[in-house]
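Tertiary structure, described
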2 protein chains.
Amino acid sequence: MKKLELFDDKQQEIASLAKALSHPARIAILQFLASTPTCISGDISDYLPLSRTTVSQHLKELKSIGLIQGDVEGLKIKYCLNKEGIEKLNHVFGNLFDEITPSDNKIC
Amino acid sequence: MKKLELFDDKQQEIASLAKALSHPARIAILQFLASTPTCISGDISDYLPLSRTTVSQHLKELKSIGLIQGDVEGLKIKYCLNKEGIEKLNHVFGNLFDEITPSDNKIC
DNA sequence: TTCTAATGTCGCAAACATACGTCATTAATC
DNA sequence: GATTAATGACGTATGTTTGCGACATTAGAA
């Protein structure tokens, strides 16, 4: 059993994705985008109990980690779930759960 | 489309669980506990590149959200994954992924 | 071109998270 | 009972996140 020098890339990646999901506003945004076909930025901030500025920051965070994408449509910006990002999320957490789910015969 | 008054319990729950996973040290602790049958607190802080005090705080956080449990064994304390907590995590995230995974025919 | 609407960026304040040294507590050992 | 070892709790410094108003930018309408 050796001492870790630092956390590895995989652990960092899981933690970063988890951080993106660690605020209820960002969960609400993802659910909203999943339930609506055309999602204009303004619609999202009208819906959430937060200022437009704050919602804009949450959108920026979700975009920078690749869970959503934003396409300019004239004056407005249409945000959508990013299929690849969501699939990656699914995959990364699936692996983690496989790794840490205790088997019935494990002691303790 | 009505405005949310505040975030609902489900969204809060997902966010809280995600927050527990949002630091690489806590991921490393869960993986370590999954790979070792008897896990004494001191072993964990010997392993991680953090002080004993800091590790103790991460353990406290994981315990308070129910992902691990700690049983006193004389002078030492044995930490283990909490099967129910991990299953709940699995379930909650599984539901979220079902909800937000885009179907192929969805526009955008 | 000027005006308006939709949106992002900046900068600040308050709250929260992280890391760690020191101290308190408790169990086993002498 | 005194000593040592394992551990959690407390306090504190530093960094990060959140929320928001004010400003900047850009696209389309008048």
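Let us look at the structure shown here. Here the structure is a predicted model, which means the values were calculated and not measured. (Residues numbered from 1 in each chain as written. Chains lettered and ligands numbered in written order. Predicted model: local features only at pLDDT ≥ 70, side-chain atom pairs only at ≥ 80, totals over all residues. Heavy atoms only, no water.)

1. Looking at the sheet that holds strand β2 (residues 68-73) of chain A
All names here are of chain A. How we decide: Whether two strands pair comes down to DSSP finding at least two bridges between them. Strands are runs of DSSP state E lasting at least two residues, helices are runs of H or I lasting at least four, and both sets are numbered from the N terminus onward.
Ordered in space as β1-β3-β2, the three strands form an open sheet in which the pairing is antiparallel. Taken across any chain shown, the strands that pair with only one partner, and hence form the sheet edges, are β1 (39-40) and β2. Note: β1 against strand β3 (residues 76-81), two bridges, orientation antiparallel. When the sheet's bridge partners are listed, cysteine 39 is paired in β3 with tyrosine 79.

2. Some thoughts on the relation of the copies chain A and chain B
Under the convention used in this document: To superpose the copies, least squares is applied to the C-alpha atoms of every residue with a pLDDT of at least 70 in both. By definition, residues are in contact when any of their heavy atoms lie within 4.5 Å.
Overlaying chain A with chain B gives an RMSD of 0.0 Å, the required rotation being 180° about an axis along which the chain moves by 0.0 Å. Accordingly, the operation relating the two chain copies is best matched by a two-fold axis. Within chain A, alanine 18 of chain A has its C-alpha nearest the rotation axis, a separation of 2.5 Å. When the interface residues of chain A are mapped onto chain B, 100% of them again fall at the interface, so both copies present the same face.

3. Focus: the protein's contact with DNA strand C
Note the threshold: Being near a molecule or strand, for a residue, means having at least one of its heavy atoms within 4 Å of it. Distance and chemistry together define a polar contact, namely a pair of N or O atoms within 3.5 Å, with one atom able to donate a hydrogen and the other to accept it when in protein, and with adjacent residues in sequence counting only for side-chain atoms on both sides.
The local shell around DNA strand C holds 24 residues, among which Gly42 and Tyr79 of chain A together with Thr53, Thr54 and Gln57 of chain B are the closest. Backbone atoms, meaning sugar plus phosphate, form 53% of the atoms of DNA strand C positioned within 4 Å of the protein. Here threonine 53 of chain B contributes a side-chain N or O atom positioned 3.4 Å from a base nitrogen of DNA strand C. In this structure, histidine 58 of chain B approaches DNA strand C through a side-chain N or O atom, which is 3.0 Å from a phosphate oxygen.

4. A few points about the nonpolar core
Keep this limit in mind: Take the buried Ala, Val, Leu, Ile, Met, Phe, Trp, Tyr and Cys residues and link them wherever side-chain atoms come within 4.5 Å; each set so joined is a nonpolar core. Each residue is placed in one exposure class: buried if its accessible area under a 1.4 Å probe, protein chains only, is under 20% of its type's maximum, exposed if it is over 50%, and partly exposed if it falls in between.
By size, the foremost hydrophobic cluster in this structure holds 62 residues, and its most contacted members are Leu21, Ile44 and Phe93 of chain A together with Leu21, Ile44 and Phe93 of chain B. Discounting residues that sit within four places of it in the chain, leucine 21 of chain B has contacts with Ile14, Ala15, Ala18, Phe93 and Leu96 of chain A together with Ile27, Leu30, Leu67 and Leu89 of chain B.

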